[in-house]
Amino acid sequence: MSSNLFSNLYIQTRGKTIDYRFLLQAPQEPWWTSYEKDTSFEYPTLIIERESRGGRGRFCLSGVSSSTRRDRVGRIIRYTLVAEFQGSEERLLHLAKMFLDELSEQGSTPTLSEIFDNCFPREYVERVLVPDNIDIDSEDKELTERFDLLLSEVQEKSNQGSSGVPPETSIWWGGLKNDESRSRWMSLAESILQQGESGKALLLNLASGQSLRDLATNVKNMALLLPESSEAPQPFRPDVGKKNWWILVISLLTLLTIFVLIFNIFNNPSIESFEVLPSKNPQTGSVNKELSISTLISSREELKTIHLSAHLSDSNQNVLNEPLPLEQCSKKEKLECRFPVSLPKDKIEPGGVYVFQLTVEDIKGKVGRFQQEYPFEVSE
């Protein structure tokens, strides 16, 4: 609604049976909901912001509990006050200061709650929540007078005076229960509300210091108060989180690599060595070799299959692809196998480099692979 005090001023509450809504008129845009990830508006929240020097300002105070009013199931009824303004707003500054002072000292706002109840009594709220049978112009005038009464009472009862702390251009967070943090926050609020400076002064009940990473986007001047904290002002360092994030990623990747290596070593049938030797019993018309394999498998009973394939290094076409007989494996300190391999000379490319791939599977279904390049000479 329009007012001689503000560009726009709105109050939200509920009746005994009618749910929460703004009295008479709601803001065109629920801009405060952009903070709902970092605060619950059912609990004390205060947002003061101005986008640019001399530009439009916005104010949202929520979580003020009624001292007398309850809904039909006995729950405490709350108030939310929203303002949108252009110039200097000294009386909103007094409202913000009373809110912070009571909240920091008592954890609630009994004096402010009483003022809201006196200015918006039950009978009045129940009447204007149903605007069908009322005179809007008359009610609009009365609501303006009630806003004036509310802010006048706040100004009269609040601890007046400047914060005494010069404003600083920075982004920081601190605790509501810390005097220095509270004074610096009020200094910023004063510069926004009275001097028309840009910035954001926030009290958000679900936020943390790291919330500034998202909240401080494109903002040069911001203060965040945490209701349950006693921290002195802490500067926001955006790069610290990024460095820590990269350290975490690198650490996780390193651990993952180590895990994969350990898994492969201890969970696959491991081949300790694989050699291609001249055959002891060559066959005519063939290229004859002998494979010597040393495994880390403790017994032949643990071995299920051994399969050998061979192909030219520059071709995927196999010239050899067959299982190897397990009886060729004997137990010494480890299970060792020797297999004769004969390839027809007409399948061998002179001077070609062949890739031998050995696949070993144990009785648990775990598979290990080993491959080695070996040049074949047809002259043998």
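On a predicted model such as this, the values are computed, not experimentally measured, just so you know.

Quick notes on the rules
- Residues numbered from 1 in each chain as written.
- Predicted model: local features only at pLDDT ≥ 70, side-chain atom pairs only at ≥ 80, totals over all residues.
- Heavy atoms only, no water.
- Buried < 20%, exposed > 50% of the residue type's maximum accessible area, 1.4 Å probe, protein only.
- Helix = DSSP H or I, 4+ residues; strand = E, 2+ residues; numbered from the N terminus.
- Pairing = 2+ DSSP bridges.
- pLDDT = per-residue confidence, 0-100.
- Contact = heavy atoms within 4.5 Å.

Some details on the pairing of strand S8 (residues 222-226)
Looking along a regular strand, one sees side chains alternate from face to face of the sheet.
In step 1: The buried count for S8 comes to 5 of 5 residues, which makes it a mostly enclosed element.
In step 2: Taking every second residue as pointing to the same face, both faces of S8 are buried, with Met-222, Leu-224 and Leu-226 on one and Ala-223 and Leu-225 on the other.
In step 3: In this sheet, S8 lies alongside strand S6 (residues 171-175) in parallel orientation, the contact comprising 5 bridges. Bridging from a neighbouring strand, Trp-172 pairs with Ala-223 of S8.
In step 4: Bridge analysis of strand S7 (residues 199-203) against S8 gives 4 bridges, and the strand direction is parallel.

What about the confidence of the model for the protein?
In step 1: The share of residues in the protein with pLDDT of 70 or more is 68%, and the mean pLDDT across the chain is 79.
In step 2: Within the model, pLDDT remains below 50 along residues 1-6, and this stretch shows 23 contacts once partners closer than five positions in the same chain are excluded.
In step 3: Here residues 262-268 is a poorly scored stretch, pLDDT under 50, and it has 6 contacts once near neighbours within four places are set aside; other chains count.

Observations concerning unusual backbone geometry
In step 1: The backbone of Leu-24 shows a phi angle near 70°, a positive value even though the residue is not glycine.
In step 2: We classify Leu-24 as partly exposed; its relative accessible area is 24%.
In step 3: Notably, Asn-218 is not glycine yet its phi reads approximately 60°, a positive angle.
In step 4: With respect to the secondary-structure elements, Asn-218 resides in the loop between helix H6 (212-215) and S8.
In step 5: Asn-218 sits in the exposed class, given a relative accessible area of 79%.

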